[in-house]
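# A look at the structure
Given next are the chains, with one letter for each unit.
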Amino acid sequence: MLYNTNLNLDQIRKDTPNCLDKLYFNNAGASLMPKPVMAKIQEYLIEEEKYGGYAAFDRNSAEIQQFYNEVAELIEATPHNIAFAHSATDAYAKALSAIDFQKDDVILTTADDYVTNQMQFLSLQKRFGIVIQKVRNTENGDIDFEDFERLIALKRPKLVCVTHIPTNSGLVQDVEKVSEICEREGLLFLLDACQSVGQLPVSVAKIKCDFMSVTGRKFLRGPRGTGFLYISDRMLEQGSYPLFIDGAGAIWRSEDTFELIEQGKRFQYWELPYALLLGLKEAIRYQKSLGIENIQSYNDQLMTYLRKNIATIPNVATFDQGSVTCNILTFTKEEKPILALKEELLKRDVYCSISARESGVIDFDKKGIKGVVRISPHYFNTIDEIDRLLNHINDL
Ligand SMILES: Cc1ncc(COP(=O)(O)O)c(C=O)c1O
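All values derive from a computational prediction rather than experimental measurement.

Along any regular strand the residues' side chains alternate between the sheet's two faces. With five of its five residues buried, strand β7 (residues 211-215) lies for the most part within the structure. Of the two faces of β7, both are covered, the one formed by F211, S213 and T215 as well as the one formed by M212 and V214. As paired strands, strand β6 (residues 188-192) and β7 are joined by three bridges and run parallel to one another. Looking at the pairing, L191 lines up with M212 of β7. With five bridges connecting them, β7 and strand β8 (residues 227-231) associate as antiparallel partners.

As structure tokens, then:
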């Protein structure tokens, strides 16, 4: 099959030399970093080694500020809306902690929201007596918006939480529609965009949310231990802040008072891994140079080809859900244990991951499966690699 792309795949693959000796399909887990990302991290660590961490920061503070500018440009926000986070979970937990939950407050969410988010809701239920309400899915697994509107009218939720791309079903939720309804109804909206930023154009000018959590290591191709939180102007102006703020997020004015700083940085801690922060900045810059529309269009071709051809392999079941799908495809083969499938693929230099039932109990129990193997290509992959992957899956 010939593909049609504006991407310079030869250059991209040269920039990712470690994709050449293997079939790397674990971008929904952690992608391979492009060379400029690694170079930036090393460069900064050498500065820390030479001058010590504090002086290295002073010497590089202008470039560090660029991180906020790059993130803001990526999601169409302004730099003051952005906080660095150590992971999507770190960002999400800080956002949740900023909401002043009272007993019987309702969180409206979906059955497909990420495992950690679901457990954090359960934790809030145990501690504060909040109520978790899940919207129904339509037949094909999308959000049932009739039910969504009904629950909003009935329950007046304190917070709406939706995961843009859940971790294991290929589903892309219509979060623009969620945001329109939340805006119309004046509801707070927390968006988990961990798997979508880097894969799709994600703009907070279009998806109007109050908080958005993102990780660095997946489709953005940054280093592990990085991410960010977007905080809306409305939240900043209302004086929203994470429950456990530190001396960088607020100024201790008197024995009994502190004063919040104005920017979203009040959601980050003073101590940050600046080498990694700069690595993520570089990853975003790299991706921007390729263009997210080009990435999405090429990825669509890879995934259409993968989906069409995996369906022809005997004894393979796939578990896509929803009317719009993405770069995540999950499968099982006969009754083979998923760990054994993953290990067998690894022996053939195929890198992928598995999702066990515990990463999505509602979804897995509904489908009646214990787990799946997850394949998640990205734009440095080729159709030839997909063909080789399909042959390996066929041989398992
Ligand atoms: C949809 C989704 N949300 C959140 C997370 C958590 O991300 P992190 O590990 O960066 O905290 C993941 C991780 O796989 C995810 O898939």
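What follows is about the site of the ligand. Inspection of the region around the ligand gives 13 residues, with T89, D192, T215, R217 and K218 positioned closest. Between S87 and the ligand, the recorded distance is 3.5 Å, taken from a side-chain N or O atom to an oxygen atom. Between the ligand and D192, the relevant distance is 2.7 Å, taken from a nitrogen atom to a side-chain nitrogen or oxygen of the residue. Starting from 400 Å² of accessible surface for the ligand in isolation, the protein chains cover 91%. Residue classes in the shell around the ligand are distributed as four nonpolar, six polar and three charged.

A few words now on the pattern of salt bridges. Evaluation of the coordinates by the stated rule reveals 31 salt bridges. The partner of E282 in a salt bridge is K281, with the nearest N and O atoms 3.5 Å apart. Exposure class is identical for E282 and K281. Each is buried. In this structure, R285 engages E282 in a salt bridge whose closest nitrogen and oxygen atoms are separated by 2.8 Å. Placement of both R285 and E282 in helix α9 (residues 274-290) is noted, with a separation of three residues, approximately one turn of the helix. Each member of the salt-bridge network shares a partner with another, and the members are K40, E43, E63, K281, E282 and R285.

Glancing now at the side chain of T330. Position of T330 relative to the elements: it lies in strand β12 (residues 329-333). A distance of 3.3 Å separates a polar atom in the side chain of T330 from the backbone oxygen of N168. Beyond its immediate stretch of four places on either side in the chain, T330 contacts N168, A317, T318, F319, V372, V373 and R374.

A grouping of Y241, W252 and F258 is seen on the molecular surface, where their side chains present a nonpolar patch of about 380 Å² in accessible area. Tracing the backbone through its elements, the reader meets Y241 in the loop between α8 (233-237) and β9 (250-254). Of the residues examined, Y241 reaches a relative accessible area of 32% and is grouped as partly exposed.

By the secondary structure assignment, V37 is in helix α2 (residues 35-51). Since its relative accessible area comes to 0%, V37 is described here as buried. Considered as a pair, V37 and I284 are 247 residues apart in the sequence and their alpha carbons are 9.3 Å apart. Setting aside chain neighbours within four positions, we find V37 in contact with R221, P223, G279, E282 and A283.

For the structure on display, the rule yields ten aromatic pairs. Judged by centre distance (5.6 Å) and plane angle (80 degrees), the rings of Y54 and W270 are edge-to-face. Pair noted here: Y54 is in helix α3 (residues 53-75) and W270 is in the loop between β10 (257-260) and α9, with a separation of 216 residues, a long-range link. Judged by its relative accessible area of 60%, Y54 is exposed. Members of the aromatic cluster, connected to one another through ring pairs, are F67, Y68 and F84. The ring centre of Y269 lies 4.2 Å from the NZ or CZ of K94, which sits over that ring.

Quick look at the domain arrangement of the protein chain now. Domain annotation of the protein chain identifies domain 1 (9-32 + 291-395) and domain 2 (38-289). Centre-to-centre, using C-alpha coordinates, domain 1 lies 26 Å away from domain 2. Surface buried jointly by domain 1 and domain 2 totals about 2,700 Å² across both partners, of which 49% is contributed by carbon and sulfur atoms. The interface formed by domain 1 and domain 2 holds zero salt bridges in total. Where domain 1 meets domain 2, there are 24 residue pairs in polar contact (both at pLDDT 80 or more).

Parameters and conventions
Residues numbered from 1 in each chain as written. Predicted model: local features only at pLDDT ≥ 70, side-chain atom pairs only at ≥ 80, totals over all residues. Heavy atoms only, no water. Buried < 20%, exposed > 50% of the residue type's maximum accessible area, 1.4 Å probe, protein only. Helix = DSSP H or I, 4+ residues; strand = E, 2+ residues; numbered from the N terminus. Pairing = 2+ DSSP bridges. Near = heavy atom within 4 Å. Polar contact = N/O pair within 3.5 Å; in protein donor to acceptor, adjacent residues only side chain to side chain. Areas by Shrake-Rupley, 256 points an atom, 1.4 Å probe, with all protein chains shown as cover. Nonpolar A, V, L, I, M, F, W, Y, C, P; charged D, E, K, R; others polar. Salt bridge = Lys/Arg side-chain N within 4 Å of Asp/Glu carboxyl O. Contact = heavy atoms within 4.5 Å. Patch = residues over 30% accessible without salt bridge, like charges linked within 9 Å, V, L, I, M, F, W, Y side chains within 5 Å. Phe/Tyr/Trp six-rings, centres within 6.5 Å; stacked < 30°, edge-to-face > 60°. Lys NZ or Arg CZ within 6 Å of the ring centre and 35° of its normal. Domains from an automatic or database assignment. Buried area = accessible area lost by both parts, 1.4 Å probe.

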